[in-house]
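Summary of the model geometry
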Amino acid sequence: MSLADELKQGVTALGLKLSSEAQQRLLNYLALINKWNRVYNLTAVREPQKMVSHHLLDSLAVVPHIEAQNIVDVGSGAGLPGIPLAIAREEWQVTLLDGNHKKAAFLRQAAIELKLANVAVRCERAEDFQPQEKFDCVISRALSDLPEYVELAGHLCKITGTVVAMKGVYPYKELARLPRKFKMQQVIPLKVPGLKAERHLVIVKAA
């Protein structure tokens, strides 16, 4: 099966409607990761077929569960999930935040080449980033420990917003260690086409 067919089937399975242009942009994005990966080591997943499920569909699976206009992707790395979210929802304003200069350079180049007018890139550590306007949604896929992530990036979230973490197995122990100023709102199990591993979306709000 071609990458385009795998992506199209996966998008349909997730219940999303993406234009053919948006789907081509997603494939162009994978091509950019492949190109830059040789020098910048952006991701351990290097097989294009695997990237469709592990990167694109894994990121797109969260789209139906996010209500926001203004999003920051913390520790964005190769742009996951931020770039797929920005491509899927052009009305969302997405800030890609990463403290690594090489990765930030890739993110800026990707935003230019993919013509993503709704994407901004900031090369800063989450704990040092002080945006003029806080975000409706703070999301991360790369940061592993939930309590640490919430402590480092929680200040970026509006009082009415949510802090969202993309996790593997249900994070019982991490949820038990959430800082008191935050409370779990919901943990949503996700089914990602082509991915056999467990996925959960953890949604946290200010207490």
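Structural data are supplied above this passage.
Here goes a summary of the coordinates provided. Worth saying up front: this structure is predicted, and the values here are computed from it rather than measured. (Residues numbered from 1 in each chain as written. Predicted model: local features only at pLDDT ≥ 70, side-chain atom pairs only at ≥ 80, totals over all residues. Heavy atoms only, no water.)

A word on the pattern of salt bridges. Applying the stated rule across the entire model yields 11 salt bridges. For Glu 133, the salt bridge is made with Lys 158, and the minimal N-O distance between the two is 3.7 Å. On the criterion of sequence distance, the pair formed by Glu 133 in the loop between β3 (119–122) and β4 (135–140) and Lys 158 in strand β5 (residues 157–167) is long-range, its members being 25 residues apart. Take Glu 133: its relative accessible area is 48%, and that puts it in the partly exposed class. Take Lys 158: its relative accessible area is 26%, and that puts it in the partly exposed class. One salt-bridge network, in which partners are shared between bridges, spans Asp 58, Arg 141 and Arg 199. (Salt bridge = Lys/Arg side-chain N within 4 Å of Asp/Glu carboxyl O. Helix = DSSP H or I, 4+ residues; strand = E, 2+ residues; numbered from the N terminus. Buried < 20%, exposed > 50% of the residue type's maximum accessible area, 1.4 Å probe, protein only.)

Moving on to the side chain of Asp 58. Note that Asp 58 resides in helix α3 (residues 48–60). A polar contact is formed between the side chain of Asp 58 and the side chain of Arg 141, at a distance of 2.7 Å. A polar side-chain atom of Asp 58 sits 3.0 Å from a polar atom in the side chain of Arg 199. Once residues lying within four places of it in the same chain are set aside, the contact partners of Asp 58 are Ser 53, Arg 141, Met 166, Val 192, Leu 195 and Arg 199. (Polar contact = N/O pair within 3.5 Å; in protein donor to acceptor, adjacent residues only side chain to side chain. Contact = heavy atoms within 4.5 Å.)

Okay, the environment of Leu 26 next. As for its position among the elements, Leu 26 is in helix α2 (residues 20–40). For the pair Leu 26 and Leu 56, spaced 30 residues apart in sequence, the C-alpha separation works out to 7.3 Å.

Another aspect to go through is the sheet that holds strand β1 (residues 70–74). Reading across from one edge, β3-β2-β1-β4-β5-β7-β6 is the order of the 7 strands in this open sheet, with mixed pairing throughout. Both outer strands of the open sheet, β3 and β6 (182–190), are each paired with one neighbouring strand and no more. Geometrically, the sheet is characterised by an average inter-axis angle of 20° between neighbouring strands, direction not taken into account. As paired elements, strand β2 (residues 93–97) and β3 share 4 bridges and run parallel to each other. Its bridge partner lying in β3, Leu 97 is registered against Arg 122. Against the sheet, helix α6 (residues 146–153) contacts β1, β4, β5, β6 and β7 (199–206), and its axis sits at roughly 145° relative to β5. (Pairing = 2+ DSSP bridges. Axes fitted to C-alpha atoms, helices over the stretch in contact; angles between N-to-C directions.)

Looking now at the pairing of β4. If a strand is regular, its side chains alternate between the two faces of the sheet. Of all 6 residues in β4, 6 are buried; the element is thus mostly enclosed. The pairing of β1 with β4 spans 3 bridges and is parallel. Bridging across to β4, Asp 73 finds its partner in Ile 139. Since β4 and β5 lie parallel, the crossover through α6 that links them has a hand, and here it is right-handed. (Right-handed = clockwise from strand over helix to strand, strands pointing away.)

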